[in-house]
Amino acid sequence: MFTPTILRIDSVDSTNLEAARQAKAGAAEGLCIVAREQTAGRGRLDRRWLSPKDAGLYLSIVLRPQLELSDWPLISLVAALAVSDALLQTCDLKVDIKWPNDIYVSERKLAGILVETVETGNGPAAIVGIGINLTNQDFPLEMSVSATSVEAATGSVPDANLLLQALVKAMQERYESLQAEGGIEHATREWCANSTYAYDRRVRVSSNNETFEGMTRGLANDGALRVETHDGRIRVVRAADITALRATR
Ligand code: BTN
């Protein structure tokens, strides 16, 4: 059962690593580690996540899902929906979700999510790590064109604590709904309703071993992205980077 419990830390290597340590030590689901800064913040696909002090919201939540392991990828989709809910509620900010779980505003990335699985004495746990850019001031030059922040998007620095509380509540609701009857179909429908990437978006798909282009055609039941290539074939994408391309006729 998800019991929200917030543990605040000034500085940590990575809230995901700390949440994994706590999960291995027996932490219950709902434990949320929040740090003011991370010295080794981690992103998807082995990238770094820059985490200067108070410039972003950096948090990780421990989950112990009662789902088939094959459905765990849906956790990252509902985490994106929770971020979208919380930003709308507390900052009046409507965001887009780029598959699987990048949060975008005006084609710039505002937040990212890294879900990792760890083995613990009480079975496998999922660690949901969320980083939201609150201010732009500490972006390095190369990020300033591709990234944005709540401050840049709304004109004011959000109340980090209000955003955190709304986010944990939204995560609890979205996660409980995922595990309820019909929750998987509901989650994929909701994701599609909140993402311009779900249908008819021309994209480039880049993974370790190949790159191809096509049009998005919704989600498979486990949250994988369906992409139609030029020969009419549907490719089901589970781990890759997606880039939006200009539509062509
Ligand atoms: C991405 O690459 O888009 C995912 C970024 C996830 C960053 C967050 S910040 C809090 C948590 N701790 C980490 O080390 N990473 C995640």
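Quick caveat: nothing in here was measured; it's all calculated off a predicted structure.

Asker: Break down the domain arrangement of the chain for me, with residues and values.
Answerer: Domain boundaries assigned for the chain yield domain 1 (5-193) and domain 2 (199-244). Summarising the inter-unit geometry, the C-alpha centres of domain 1 and domain 2 are found 23 Å apart. Across the interface of domain 1 and domain 2, roughly 1100 Å² is buried in total on both sides, 56% from carbon and sulfur atoms. When the buried surface of domain 1 facing domain 2 is broken down by residue, Lys-98, Trp-99 and Cys-192 rank first, second and third, together holding 47% of it. The tally of links between domain 1 and domain 2 comes to two salt bridges. As a salt-bridge pair, Arg-47 and Asp-241 come within 2.7 Å of each other at their nearest N and O atoms. Applying the counting rule to domain 1 against domain 2 returns five residue pairs in polar contact (both at pLDDT 80 or more). At the level of secondary structure, the elements contributing two or more residues to the side of domain 1 that touches domain 2 comprise helix H2 (73-91), strand E4 (96-98) and helix H5 (183-193). Considering every element that reaches the side of domain 1 that touches domain 2, the biggest residue donor is H5, with four residues. Looking at the side of domain 1 that touches domain 2 residue by residue, the classes come out as eight nonpolar, two polar and five charged.

Quick notes on the rules
Residues numbered from 1 in each chain as written. Predicted model: local features only at pLDDT ≥ 70, side-chain atom pairs only at ≥ 80, totals over all residues. Heavy atoms only, no water. Domains from an automatic or database assignment. Buried area = accessible area lost by both parts, 1.4 Å probe. Salt bridge = Lys/Arg side-chain N within 4 Å of Asp/Glu carboxyl O. Polar contact = N/O pair within 3.5 Å; in protein donor to acceptor, adjacent residues only side chain to side chain. Helix = DSSP H or I, 4+ residues; strand = E, 2+ residues; numbered from the N terminus. Nonpolar A, V, L, I, M, F, W, Y, C, P; charged D, E, K, R; others polar.

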